[in-house]
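Summary of the model geometry
Now for the letters of each chain:
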Amino acid sequence: MVPLKRRKVAGSNKTEAESSGDNGANKFPQVVLFLLERKMGTSRRAFLSQLGRKKGFQVEELFSESVTHVISENNSGDEVRTWLDTQGGGRGRTPVHLLDISWYTESMRAGLPVQILDRHKLQEQQVEAEVVTFSVPSYACQRRTTLENHNTVLTDALSLLAENAELSDEDGRGVAFRRAAAVLRSLPEPVTDMKQLRGLPCLGDHSLRVIKDILEDGASREFESTKQSERFKALKVLTGIFGVGSRTADRWIREGIHTLQQLRDSGQSLNRAQQAGLEHYDDLNRPLTAAEAEAVGEIVERAVVSVLPGAQITLTGGFRRGKLTGHDVDFLITHPDEGREEGLMSKVVSWLESQGFLLYQKTTRNSYLESKDGPARPPANMDRFERCFSIFKLTMEERRGTEQPENGERNPNPAEDTLSVGARSGSQTDENTPPQSQVPADERRHRVSGEDGGQEEAKPAAHKPWRAVRVDLVVSPISQFAFALLGWTGSKLFERELRRWAGHEKAMSLSSHALYDNTQVNTSQSVFRHFIAALSFCSVKILKSIFPLLSLTEQVSPSDVRGGDIRSSWSGVYSTVREKRLKRPDDALLQDGHASTT
């Protein structure tokens with residue numbers, strides 16, 4: 001009997017092959033896997049590990065430094081990271097991929113490591129670096145802003161965009177940019193992250209876009225394009241002419257005038273102010289130093305004291321706030337006796353003209369007291385004091401007089417005191433200079449000697465022994481001096497915010513003449529007058545009298561020395577040498593006030 005052949009078992013060769021593959025060569029040496037048993041279970045982990053080895057993957061039983069991929073099931077990234085920290089494989093080692101089981105199963109199906117996508121990665125909570133955030137009050141008049149600006153790049157960009165908006169008669173946008181720049185200027189540290197600006201006031205979407213571009217890209221495209229704009233450049237040049245506003249400049253640009261030379265050649269009809277502004281363009285657009293401002297003050301002092309002994313002169317504007325340079329000088333003039341200041345401006349102007357100091361002047365009379373029913377509220381923010389807008393002729397000798405050393409000796413090298421003026425574009429030559437008979441008397445003075453009245457020969461600009469300086473003189477009654485000083489010290493934004501604060505928060509109306517209580521119906525009772533008579537000339541008293549009425553005493557304190565663009569030196573600590581030197585009955589009071597704040 002022939003024995004039956006044994007039947008072959010199907011699939012026996014495959015099992016043999018697969019079993020031999022369990023310990024086969026690693027097909028992917030750059031990928032070392034580790035399956036986390038946590039929430040996966042021992043049996044499932046063993047099955048998946050065996051499957052991976054059969055596919056040619058290197059799957060480690062124990063976690064080690066060689067592991068590149070950690071596979072987890074039903075665990076968060078933070079949970080896996082915590083486990084790794086306990087194994088000594090935390091953030092300090094070579095980065096390891098924390099992956100969901102889905103990546104492993106897809107790789108098994110493909111027979112090779114698939115690309116790691118975001119859906120494969122375990123999400124970890126990002127640990128953000130601590131960001132310094134800022135907090136500032138909403139109104140500029142509530143903030144302390146010093147001369148030290150920690151965000152110059154940002155504020156310069158916003159200020160240029162503000163200037164461009166103002167030159168384009170878009171005052172609303174200009175104010176928005178100015179307020180944003182003021183907030184950044186008041187910050188105690190540089191801005192490095194947009195998160196630092198969360199919750200800050202006055203930062204609109206447009207300003208934030210500009211700031212973000214600068215922080216992320218190093219520059220703002222809008223700032224750069226505006227800066228390089230031909231229209232912006234032309235507006236800057238033309239409005240730099242004294243007496244030329246944005247509308248006049250815009251009209252000239254539409255007529256094809258973009259430069260000073262084109263204006264000179266155009267035959268445009270210019271008023272006296274514009275003629276003087278064009279003639280002295282280079283001087284008026286060159287920064288004025290504090291020493292030069294002091295020299296002008298010496299001239300104004302001599303003029304005022306000579307016509308009204310006992311009158312008082314105060315430096316206002318940016319120089320009073322502690323700035324080292326500016327483009328004009330402002331002076332506030334008053335007299336301790338109410339009414340003695342009437343008619344003073346015309347006498348001061350006559351004295352200055354007789355001494356040859358004025359190249360141009362325009363005087364406006366005081367219209368504040370014209371109403372028969374008493375003082376009326378100004379219809380606009382501009383005050384109605386008696387004012388003189390002028391251009392002074394500041395000589396080398398006048399400037400040198402304010403720069404003597406403390407020991408009283410003259411500078412041994414007088415050449416160093418010369419006021420050098422750069423070569424002016426389109427400076428006057430014989431063919432461009434009109435005949436003397438056609439030049440108004442006010443425009444002729446720069447060519448007439450103040451000593452003997454003889455004609456001076458025109459000199460090259462680089463050797464001119466004088467420069468033109470913009471000077472504003474304001475005469476105020478002593479009863480309104482406090483508010484006049486407040487209004488003329490600035491800055492423009494500070495004054496705007498102070499009026500806004502008074503109106504919105506305190507139901508008051510503030511001007512350079514008075515402070516009104518809007519809740520009072522009777523006009524005579526609505527003005528705060530009770531403290532004015534005692535103010536005298538001491539600016540410390542001004543601080544202690546006006547600001548408490550506006551509830552700003554905590555924000556504006558005598559410790560705010562030499563405030564910057566917005567914070568003014570209201571405590572009076574920045575008195576000029578001229579103020580201290582003037583002889584008047586309240587000198588002792590003034591000195592005591594300054595001493596208490598220094």
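Remember, it's a predicted structure, so these values are computed and weren't measured experimentally. For every chain, the first residue of its written sequence is number 1, and the numbers climb from 1 along that sequence. Confidence filtering applies because this is a predicted model: local features only for residues at pLDDT of at least 70, side-chain atom pairs given and counted only at 80 or more, and all residues used for totals across whole chains, interfaces and linings. Values reported for side chains reflect all heavy atoms of the structure, with hydrogen atoms and water molecules removed beforehand.

Only DSSP runs of H or I reaching four residues or more are called helices, and only runs of E reaching two or more are called strands; each is numbered from the N terminus. Summarising the element assignment, Q274 is placed in helix α12 (residues 272-279). Contact between two residues is taken to exist if any of their heavy atoms lie within 4.5 Å; hydrogens are not considered. Every residue in contact with Q274, bar those within four places of it in the chain, is listed here: I241, F242, G243, V244, T248 and S269.

A few words now on the pattern of salt bridges. Whenever Lys or Arg places a side-chain nitrogen within 4 Å of a carboxyl oxygen from Asp or Glu, that contact is recorded as a salt bridge. A complete count under the given rule lists 21 salt bridges for this structure. Residue E163 is joined to K236 by a salt bridge in which the shortest nitrogen-to-oxygen separation is 3.0 Å. Note that E163 is positioned in helix α5 (residues 152-167) and K236 in helix α9 (residues 230-239), a separation of 73 residues in sequence. Partly exposed residues are those whose accessible area sits between 20% and 50% of the maximum for their type, while under 20% is buried and over 50% is exposed, using a 1.4 Å probe and protein chains only. The exposure class of K236 is partly exposed, given its relative accessible area of 38%. Put simply, R38, K39 and E79 are held in one network by salt bridges that share partners.

On to the sheet that holds strand β6 (residues 312-316), then. Ordered in space as β6-β8-β11-β10-β9, the 5 strands form an open sheet in which the pairing is mixed. Each edge of the sheet is formed by a strand with only one pairing partner; in this case those strands are β6 and β9 (358-364). Sheet twist, expressed as the mean angle between neighbouring strand axes with direction ignored, is 25 degrees. Strands qualify as paired when DSSP identifies two bridges or more between them. Taken together, the 5 bridges between strand β8 (residues 329-334) and strand β11 (residues 466-475) define a ladder with parallel strand orientation. Looking at β11, one finds that V329 is bridged to V471. Between N-to-C directions, angles span 0 to 180 degrees; the directions come from axes that are lines fitted to C-alpha atoms, helices contributing only their stretch in contact.

Soluble, globular proteins show a tendency: their nonpolar side chains are buried together. The set of buried Ala, Val, Leu, Ile, Met, Phe, Trp, Tyr and Cys residues whose side-chain atoms join them within 4.5 Å is what this entry labels a nonpolar core. In this structure, L158, L184, L187, L197, L200, I241 and W252 are the most contacted members of the largest nonpolar core, which totals 38 residues. No fewer than three residues from each of domain 2 (141-228) and domain 3 (242-285) sit in this core. The residues touching L197, leaving out its near neighbours within four places in the chain, are L184, L187, V191, L203, L208 and I211. Counting 31 residues, the second-largest nonpolar core is a separate cluster that includes I299, V348, F392 and L394. Throughout the structure description, domain borders are defined by an automatic or database domain assignment.

Turning next to the packing of aromatic side chains. Any pair of Phe, Tyr and Trp rings, taking the six-membered ring for Trp, is counted once the centres come within 6.5 Å. Such a pair is stacked with planes under 30 degrees apart, edge-to-face with planes over 60 apart, and tilted for the rest. Counted under the stated rule, the structure contains 7 aromatic pairs. Judged by centre distance (5.7 Å) and plane angle (15 degrees), the rings of F34 and W83 are stacked. With a gap of 49 residues between them, F34 in strand β1 (residues 32-35) and W83 in helix α3 (residues 77-86) connect regions that are remote in the sequence. When its relative accessible area of 5% is taken as the criterion, F34 is described as buried. Taking the relative accessible area as the measure of exposure, W83 reaches 21% and is therefore partly exposed. Relative to W501, the ring of Y139 lies with its centre 5.2 Å away and its plane at 85 degrees, an arrangement referred to as edge-to-face. With a gap of 362 residues between them, Y139 in the loop between α4 (101-110) and α5 and W501 in helix α20 (residues 492-506) connect regions that are remote in the sequence. On the basis of relative accessibility, which here comes to 7%, the residue Y139 falls in the buried class. Members of the aromatic cluster, connected to one another through ring pairs, are F34, F63 and W83. Only when the NZ of Lys or the CZ of Arg is both within 6 Å of the ring centre and within 35 degrees of the ring normal is a charge said to sit over the ring. Stacked on the ring of W466, the Lys or Arg K464 has its end atom at 4.1 Å from the ring centre.

Turning next to the sheet that holds β1. Within a sheet, each strand pairs with its neighbour through backbone hydrogen bonds, oriented either parallel or antiparallel. In space, the 4 strands of this open sheet follow the order β2-β1-β3-β4, with parallel pairing throughout. This sheet does not close on itself; its edge strands, each paired only once, are β2 (58-60) and β4 (97-100). Across the sheet, the mean angle separating the axes of adjacent strands is 30 degrees when strand polarity is ignored. With 3 bridges joining them, β1 and β2 adopt parallel strand pairing. What sits directly across from F34, in β2, is E60. Lying on the sheet, α3 is in contact with β1, β3 (69-72) and β4; it crosses β4 at an angle near 135 degrees. Its contacts with the sheet place α4 against β1, β2, β3 and β4, and it is angled at close to 80 degrees to β4.

Attention now goes to the UniProt feature "binding site: Mg(2+)" (unreviewed entry) in the protein. Per the UniProt record, "binding site: Mg(2+)" (unreviewed entry) is found at D328, D330 and D472. Their sequence span is 145 residues, while the largest C-alpha to C-alpha distance among them is just 7.6 Å; these annotated residues converge on one region. Look past the residues within four positions of D330 in its chain and what remains in contact with it is T314, L315, T316, G317, D472 and W488. Tracing the backbone through its elements, the reader meets D472 in strand β11. Taking the relative accessible area as the measure of exposure, D472 reaches 6% and is therefore buried. In this structure D472 touches D328, V329, D330, F331, C388, F389, S390 and W488, once residues within four positions along its chain are discounted. UniProt positions are given in the numbering used here, feature names are shortened, and annotations may be inferred rather than shown by experiment.

Time to look at the packing of helix α8 (residues 221-228) against α9. Close contact between α8 and α9 brings their axes to 5 Å; oriented N to C, the two are set at 60 degrees. Between α8 and α9, the interaxial angle falls into the category oblique. Taken together, the residues of α9 that come into contact with α8 (itself represented by T226, K227 and Q228) are E230, F232 and K233. Note on angle classes: values under 35 degrees are labelled roughly parallel, values over 145 roughly antiparallel, values of 65 to 115 roughly perpendicular, and the remainder oblique.

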